[in-house]
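The residues making up each chain are set out below.
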Amino acid sequence: MARTTELRDVLAGPVLDVAPRLLGAVLRHGEVAVRLTEVEAYDGENDPGSHAFRGPTRRNATMFGPPGHLYCYFTYGMHVCCNVVCGAEGRAGAVLVRAGEVVEGIELARARRAGASDRDLARGPARLCRALGLDLGHDGVDLTAGAVRLTLGEPLAEVSTGPRVGLRGAPDRPWRFWATGERSVSAYRPAKRLPGRD
DNA sequence: CGGGCGATGTGCT
DNA sequence: GCACATCGCCCGC
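Residues numbered from 1 in each chain as written. Chains lettered and ligands numbered in written order. Predicted model: local features only at pLDDT ≥ 70, side-chain atom pairs only at ≥ 80, totals over all residues. Heavy atoms only, no water.

Going by an unreviewed UniProt entry, chain A carries the name Putative 3-methyladenine DNA glycosylase and comes from Nocardioides panaciterrulae. Recorded in UniProt for chain A, the comment headed Sequence similarities (unreviewed entry) runs: "Belongs to the DNA glycosylase MPG family." (UniProt positions renumbered as here; feature names shortened; annotations may be inferred.)

A. Seen up close, the protein's contact with DNA strand B. In the neighbourhood of DNA strand B, the contacting residues comprise R54, T57, F74, Y76, G77, M78 and R119. Each atom of DNA strand B within 4 Å of the protein was classed as base or backbone; sugar and phosphate made up 53%. In the environment of DNA strand B, a base nitrogen lies 3.5 Å from a nitrogen or oxygen atom belonging to the backbone of G77. Between DNA strand B and R119 there is a distance of 2.8 Å, counted from a phosphate oxygen to a side-chain nitrogen or oxygen. Considering only residue class, the surface near DNA strand B consists of 3 nonpolar, 2 polar and 2 charged. (Near = heavy atom within 4 Å. Polar contact = N/O pair within 3.5 Å; in protein donor to acceptor, adjacent residues only side chain to side chain. Nonpolar A, V, L, I, M, F, W, Y, C, P; charged D, E, K, R; others polar.)

B. A look at unusual backbone geometry. One non-glycine residue, Y76, adopts positive backbone phi at about 55°. In this structure, Y76 sits in the loop between strand 3 (70–75) and strand 4 (79–86). For A92, which is not glycine, the phi dihedral falls at a positive 65°. When you line up the elements, A92 lands in the loop between strand 4 and strand 5 (93–104). (Helix = DSSP H or I, 4+ residues; strand = E, 2+ residues; numbered from the N terminus.)

C. Geometry of the pairing of strand 3. The pairing of strand 3 with strand 4 spans 6 bridges and is antiparallel. The residue bridging C72 from the neighbouring strand is C82, located in strand 4. Connecting the antiparallel pair strand 3 and strand 4 is a turn made up of 3 residues, with Y76 showing a positive phi of about 55°. (Pairing = 2+ DSSP bridges.)

D. Quick peek at the side chain of N83. Here N83 shows up in strand 4. Side-chain polar atoms of N83 contact the backbone nitrogen of L96, separated by 3.3 Å. If we ignore the near neighbours within four places in the chain, the residues touching N83 are Y42, H69, L70, Y71, Y73, A94, V95, L96 and V97. (Contact = heavy atoms within 4.5 Å.)

So this is what it looks like as structure tokens:
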């Protein structure tokens, strides 16, 4: 299928090219679909902020695999976040899916995110995964076939960039991309400082 | 709306 | 041990 081929080709490109192209794309799991409005690029072993910086481990193995798959990880003792693996196989590039707007299946998303406002349903990486019903069992799934799918949209006219959220390694690289003016973009929080540092 | 803080457990030093 | 690609709750403005 031409559509699938195009998606694979785009995701095989350099991570900094792929990241902005994921804005406006739709990530779907079953009946719930989210239009992505905020992402962050992670450049594999070259990037001190990346899970892949210290080489392959059991946890980050999916990052070193072929592009077009989902890398899911567990953090802060309770949250799951997910990335789109991209770039050449072995290069460990990944784009963290940080926020989006629920465009389909909003009732199920609301049930999964009980207590949250509609604006907050998928506003934040762990919230987005929860709204979509994604967990560690989805680590490694192929986004071009199966229940979890990615569909590209037209490139957005206006994209903003800035530093990534909550990182201590390479905090200054402006590798966070978001749809300018979008209400569903997550709040920016700088990384915690080390005590005694300024 | 925004800042401060505790929760909670896995992975790596 | 300790850091961690976070979140929800509480408080003050």
